[in-house]
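Below, each chain spelled out in residue letters.
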Amino acid sequence: MHDISSYEFDLTKEVPISEPQRQFYYMAKAKKLVEELEQKLGRKPSFHVATFGCQMNARDSEKLTGILEQIGYVEADSEDADFVLYNTCTVRENANNKVYGHLGYLHNKKKKNPHMMIALCGCMMQEEHVVETIRRKYQFVDLVFGTHNIYKFAELLVQAFLTRQMVVEIWEDTDQIVENLPVERKYPFKSGVNIMFGCNNFCSYCIVPYVRGRERSRQPEDILQEIRNLVADGVVEVMLLGQNVNSYGKNLSEPMTFAQLLTEVEQIPGLQRIRFMTSHPKDLSDELIEVLAHSSKICRHLHLPLQSGSTRILEKMNRRYTKEDYLMLVDKIREKIPDMAITTDIIVGFPGETEEDFLETMDVVEKVQYDSAFTFIYSRRTGTPAASMEGQVPEEVVKDRFDRLLKRVQEISAQKAGCYTGQVVEVLVEGENEHDAALVTGRMSNNSIVHFAADASLIGSLVQVRLTECKGFYYIGEMV
Ligand code: 5AD
Ligand code: SF4
């Protein structure tokens, strides 16, 4: 990580134009402002970042936290802080409502702490009607920015400090990817690594392409260097992140496939585990299956969103595969890699979904036997093609289908979960057990959780564990 104290910035001189130098200049400036605040308060100002949504947002929050720590804030574990940032999600409607609810709560805190600053970022802020609502109804918010300009956080923060007015900066779209800004990781031993941003798929229900913009891949050398640096800093597991990792590299000046990238990541000495998220079934290549089959570092877990089992609905969703394509793909993966855990996302109640369509989804669930599945009720997102489709399904019908699906998905997960009982497996120790200090909690390659007796000094290490008992969704084990 860069330390801004090593950057000699004359703050009276012109602001650098090129990135990331410009942001280091603003970090130095923000640091001064935070020092002044510290003198006023007689203590170090604190910050709290609350993250909603997916792994991408979690990674963005680590970057934002990195900047806040660099400029002198200390982390607080609740919203009783001098700077509160919400990194929002807008994939489903209820996520938006949650944020508005929280804002009311923050307003009360701000009334008691006049130095408090409130910032909002993330996907929800890329929606025009949201920003309008915030300007109108939540004028106590200090800073609003989108998903394309998080690297400019320091600059925007300085602006908010100096103007004491709501600063709003949302970009429609950008090609810019700024490398080498500070990051503060949540876990010392594992880390997400963005390999691409945005999405070009335009599934008809999904708002992501509108709020995250077009697909942009990072240069392979930047990704590999970031991972080498992470390994040097103690990381043993990386999660490669993208909305559709299988189309990585298509838009690079020297195109490269995701399988080729994985092959290079695999060769990094000291790196022990590789995960990735998310795979679109339409782009999962034979080349990738070969790489997964022969890899010793890539974890035995594939998240392969189904969304619906009905070819008719899949077409309306613009998923570009049929029920049969999906099932054939799963067969091919299982044939080459029998121990690959497969998980999925399923949407219930997409416009026009009939009982027959729903039964097709249940049929795929039966045939694939997912290790686990995230099930969602279709949420109408303004601006997406599905929002104006005919045949929106009545709430009670959706609820009934959702309950039937969830029940079956859970029964199958519970049945599958026990299949490794008695075996010795490799486990990454991730933390102390939340309920029993004598135990630690670890994760198997296939993403299953194991609790076992061990010393907390093993956190971040890979150990061999015998799985003695399965308790539904997790194992109890003993170190061997
Ligand atoms: N309604 C319900 N679920 C959705 N998802 C994306 N958009 C919607 C929506 N409008 C789900 C998909 C996706 C997951 C991240 O969220 O299943 O894979
Ligand atoms: Fe949304 Fe589809 Fe892109 Fe996934 S692939 S982010 S579901 S548009």
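A. Examining the sheet that holds strand E17 (residues 449-453) more closely. What the 5 strands build is a closed barrel, ordered E15-E16-E17-E19-E18; its pairing is mixed. Pairs of neighbouring strands in the sheet enclose a mean axial angle of 50°, with direction left out of account. Here strand E15 (residues 424-432) runs beside strand E18 (residues 462-470); their pairing, made up of 5 bridges, is antiparallel. By the bridge assignment for E18, Val427 is matched with Val463.

B. Here's a closer look at the pairing of strand E7 (residues 190-194). Among the 5 residues that make up E7, 5 are buried, leaving the element largely enclosed by the rest of the structure. Judged from the 5 bridges that link them, E7 and strand E10 (residues 237-241) form a sheet pairing that is parallel. Bridge pairing in E10 places Asn194 opposite Leu241.

C. Structural context of the side chain of Lys152. One can find Lys152 in the loop between strand E5 (143-145) and helix H5 (153-163). Of the residues examined, Lys152 reaches a relative accessible area of 11% and is grouped as buried. Of note is the side chain of Lys152, whose polar atom sits 3.0 Å from the side chain of Glu169. Not counting the four nearest positions on each side in its chain, Lys152 is found in contact with Gln23, Glu169 and Trp171.

D. Local environment of the nonpolar core. Grouped together as the largest cluster of nonpolar side chains are 69 residues, with contacts concentrated most on Ile227, Leu240, Phe258, Leu262 and Ile333. Leaving out residues up to four positions away in the same chain, Leu240 has contacts with Val193, Ile195, Ile227, Val245, Phe258, Leu262, Val265, Ile274, Arg275, Phe276 and Met277. The next biggest cluster of nonpolar side chains, apart from the first, holds 34 residues, and it includes Tyr26, Phe47, Leu64 and Phe153.

E. Representation of the site of ligand 1. With respect to spatial proximity, the complete set of residues near ligand 1 consists of Val91, Arg92, Tyr205, Gln307, Asp345, Ile347, Phe376, Ile377, Tyr378, Ser379 and Arg381. Gln307 places a side-chain nitrogen or oxygen 2.6 Å from an oxygen atom of ligand 1. Contact distances for ligand 1 include 2.8 Å between a nitrogen atom and a backbone N or O atom of Ser379. Elements with a minimum of two residues in the shell around ligand 1: strand E13 (341-348) and strand E14 (372-377). Tallied by class, residues from the shell around ligand 1 come to 6 nonpolar, 2 polar and 3 charged.

F. Expanded view of the packing of aromatic side chains. This model, assessed by the stated rule, comprises 13 aromatic pairs. With a centroid separation of 5.7 Å and an interplanar angle of 90°, the aromatic rings of Phe52 and Tyr86 are classed as edge-to-face. Of this pair, Phe52 sits in the loop between strand E1 (46-51) and helix H2 (55-70) while Tyr86 is found in strand E3 (residues 83-88), placing the two residues 34 residues apart along the sequence. On the accessibility criterion, Phe52 (14% relative accessible area) is buried. Joined through ring pairs, the aromatic side chains of Tyr73, Phe83, Phe145 and Phe153 make up one cluster. Over the ring of Tyr187 we find Lys190; its NZ or CZ atom is 4.8 Å from the centre of that ring.

G. Structural context of helix H4 (residues 128-137). Buried residues of H4: Val130, Val131, Thr133 and Ile134, and no others. The buried side chains of H4 occupy one side of the element, clustering within an arc of 160° when seen end-on. Residues of H4 that are exposed and angled more than 90 degrees away from the buried face: Glu128 and Arg136. At its buried positions, H4 is contacted by helix H3 (93-112), strand E4 (117-122), E5 and strand E6 (167-169).

H. How the structure looks around the site of ligand 2. Taken together, Cys199, Asn201, Phe202, Cys203, Tyr205, Cys206, Val208, Pro209, Gln243, His280 and Arg319 make up all the residues around ligand 2. The class makeup of the residues in the shell around ligand 2 is 7 nonpolar, 3 polar and 1 charged.

I. A look at the sheet that holds E10. Across the sheet, which stays open at both edges, the 3 strands sit in the order E7-E10-E11 with parallel pairing between neighbours. Because the sheet does not close on itself, it has two edges, and the strands there are E7 and strand E11 (273-277). Each neighbouring strand pair of the sheet contributes to a mean axis angle of 25°, computed without reference to strand direction. Summarising the sheet, E10 and E11 pair through 5 bridges and their orientation is parallel. Residue pairing in the sheet places Leu240 in a bridge with Phe276 of E11.

J. Structural context of the pairing of E13. With 8 of 8 residues buried, E13 is to be regarded as a mostly interior element. Neither face of E13 is left uncovered, since the one carrying Ala341, Thr343, Asp345 and Ile347 and the one carrying Ile342, Thr344, Ile346 and Val348 both have all their residues buried. Strand direction decides the pairing type here: strand E12 (residues 301-303) and E13, joined by 3 bridges, are parallel. Across the sheet, the residue bridging to Leu302 is Ile342, located in E13. Sheet topology places E13 next to E14; 6 bridges connect them, and they run parallel. When the bridges of E14 are listed, Thr343 appears paired with Ser372. Following the chain from E13 across helix H12 (residues 355-368) to the adjacent parallel E14, one finds a crossover that is right-handed.

K. Looking closely at the pattern of salt bridges. Summed over the entire model, instances satisfying the criterion amount to 38 salt bridges. Note that Glu226 is salt-bridged to Arg59, the shortest N-O span being 2.7 Å. Of this pair, Glu226 sits in helix H7 (residues 220-232) while Arg59 sits in helix H2; the two residues are 167 residues apart in sequence, bridging distant segments of the chain. Of the residues examined, Arg59 reaches a relative accessible area of 3% and is grouped as buried. Across the pair Lys152 and Glu169 runs a salt bridge, and its minimum N-O distance is 3.0 Å.

What counts and what doesn't
- Residues numbered from 1 in each chain as written.
- Chains lettered and ligands numbered in written order.
- Predicted model: local features only at pLDDT ≥ 70, side-chain atom pairs only at ≥ 80, totals over all residues.
- Heavy atoms only, no water.
- Pairing = 2+ DSSP bridges.
- Helix = DSSP H or I, 4+ residues; strand = E, 2+ residues; numbered from the N terminus.
- Axes fitted to C-alpha atoms, helices over the stretch in contact; angles between N-to-C directions.
- Buried < 20%, exposed > 50% of the residue type's maximum accessible area, 1.4 Å probe, protein only.
- Polar contact = N/O pair within 3.5 Å; in protein donor to acceptor, adjacent residues only side chain to side chain.
- Contact = heavy atoms within 4.5 Å.
- Core = buried A, V, L, I, M, F, W, Y, C linked by side-chain atoms within 4.5 Å.
- Near = heavy atom within 4 Å.
- Nonpolar A, V, L, I, M, F, W, Y, C, P; charged D, E, K, R; others polar.
- Phe/Tyr/Trp six-rings, centres within 6.5 Å; stacked < 30°, edge-to-face > 60°.
- Lys NZ or Arg CZ within 6 Å of the ring centre and 35° of its normal.
- Arc of directions from axis to C-beta.
- Right-handed = clockwise from strand over helix to strand, strands pointing away.
- Salt bridge = Lys/Arg side-chain N within 4 Å of Asp/Glu carboxyl O.

All quantities given are derived from atomic positions and should not be read as evidence of function.
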